[in-house]
Structures are given as C-alpha cells and as structure tokens.
Amino acid sequence: LAMLRKAIGSLPVVPLAKQSMQSELTAWLLEDKVPHDMLILEEAELRTPEDEGAIVRCKNQALDSDEILNHLNAGKLVQKIAVEWDETFSAILQEDLSLKRIKFSDVLREQNDDIPKDQLLARMDANFALMSGEIVRFSKRLLEMFELSAAE
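These notes cover the structure that comes with them. A quick note: this is a predicted structure, and the numbers were derived from the prediction, not measured.

As for the packing of aromatic side chains
Line of reasoning, step 1. If you walk through the whole model with that rule in mind, you get 5 aromatic pairs.
Line of reasoning, step 2. Arranged with centres 5.9 Å apart and planes meeting at 25°, the rings of Trp28 and Phe146 form a pair that is stacked. Here Phe146 lies in the segment after α5 (120–145) and Trp28 lies in helix α2 (residues 22–30), a separation of 118 residues in the sequence. Assigned by exposure class, Trp28 and Phe146 land together as buried.
Line of reasoning, step 3. Taken together, the ring pairs connect Trp85, Phe89, Phe104 and Phe138 into an aromatic cluster.

This is the structure we're talking about:
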C-alpha cells in the first residue's frame, strides 16, 4: 500500500478492523464459533499477547488437534488463520481482517469459461469484475460477522 500511495500520491486505504480481532478468531477454534460459510484450513499463526511473546506457526496441521488447543488454552491467540469462504476463494485472514495469499477457486474461475480464449482483454476484464466482486462481498460479510461498521 505504501508503494501504491507513493505512486499515485494518495490512497486512503485502511485495514477493515482498527482493533485486533485475535480474540474473535481464537474463539472460532476454542469455542467452535466458525461462521457457517467459512471453512478453517490447516494453517495458522498463534502468538502470546506480550510484545516479545512466543509465536507458533503451523502448516498442514489440523487446527482442532489437541496440540493446537493446548497452545490456545495456554494463552496464545490466533494472529493469522487460513480460511476458505463460500467455496469461492481461500486466503490467510489476519487479525486486522486483511487478507494475504488469496487464491480463487476453480468453481469461481470457470464462470467466465464461455468467453473465447482469443478475447484475452474481455476475459481479463470479466475475471477482474468477478474476483473483485467476491472480495467486496467477503468484506461486507466480515463487517457483519464482527459487527463492525464501514467507518470504523
């Protein structure tokens, strides 16, 4: 974002959540409060609340396993968690509700397969519209899930 702001002069973009959502993300795992349209994948980063606290990064690990639950019960909070949303994309959801490593599903990408391959620009426009529409829809769902307003 900093490079983009520098290139165009100003870009008033802020994270969706101005406060940390670590407690809420942790509750997804500890209290099985995962939203119905969200699937938890096998990657997360857990961190103790202190500034120089311990960090646990796990990949290809069931997040409902005893090992992970022991870390959470010991006071670690979810900093980042891999999710799949509404069968349209997967991403790493961070504690400020920003997304990293977004990967759109084949089901979503195949929606524009009716556009001929020789119409590359039309296909790119359609893919961009489809994918950005899903990100907007997900952002609205996050606002609803965490009871935030767009101005927060």
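Comments concerning a negative patch on the surface
Line of reasoning, step 1. A cluster of acidic residues, Asp32, Glu42, Asp64 and Asp66, forms a negative patch at the surface.
Line of reasoning, step 2. One can find Glu42 in strand β1 (residues 38–47).

Quick word on α5
Line of reasoning, step 1. If you check α5, its first and last C-alpha atoms are 37 Å apart, about what 26 residues at 1.5 Å a residue would give, namely 38 Å.
Line of reasoning, step 2. Those residues of α5 that sit buried are Arg123, Ala126, Leu130, Met131, Glu134, Phe138, Arg141, Leu142, Leu143 and Met145.
Line of reasoning, step 3. Taken together, the buried residues of α5 touch α2, β1, β3 (77–85), β4 (89–94), β5 (99–104) and α4 (106–109).
Line of reasoning, step 4. A positive phi of about 50° marks Glu147, the residue just after α5.

About the thresholds
- Residues numbered from 1 in each chain as written.
- Predicted model: local features only at pLDDT ≥ 70, side-chain atom pairs only at ≥ 80, totals over all residues.
- Heavy atoms only, no water.
- Phe/Tyr/Trp six-rings, centres within 6.5 Å; stacked < 30°, edge-to-face > 60°.
- Helix = DSSP H or I, 4+ residues; strand = E, 2+ residues; numbered from the N terminus.
- Buried < 20%, exposed > 50% of the residue type's maximum accessible area, 1.4 Å probe, protein only.
- Patch = residues over 30% accessible without salt bridge, like charges linked within 9 Å, V, L, I, M, F, W, Y side chains within 5 Å.
- Areas by Shrake-Rupley, 256 points an atom, 1.4 Å probe, with all protein chains shown as cover.
- Salt bridge = Lys/Arg side-chain N within 4 Å of Asp/Glu carboxyl O.
- Lys, Arg positive; Asp, Glu negative; His and termini not counted.
- Charge placed at Lys NZ, Arg CZ, Asp CG, Glu CD.
- Expected span 1.5 Å × (residues − 1).
- Contact = heavy atoms within 4.5 Å.

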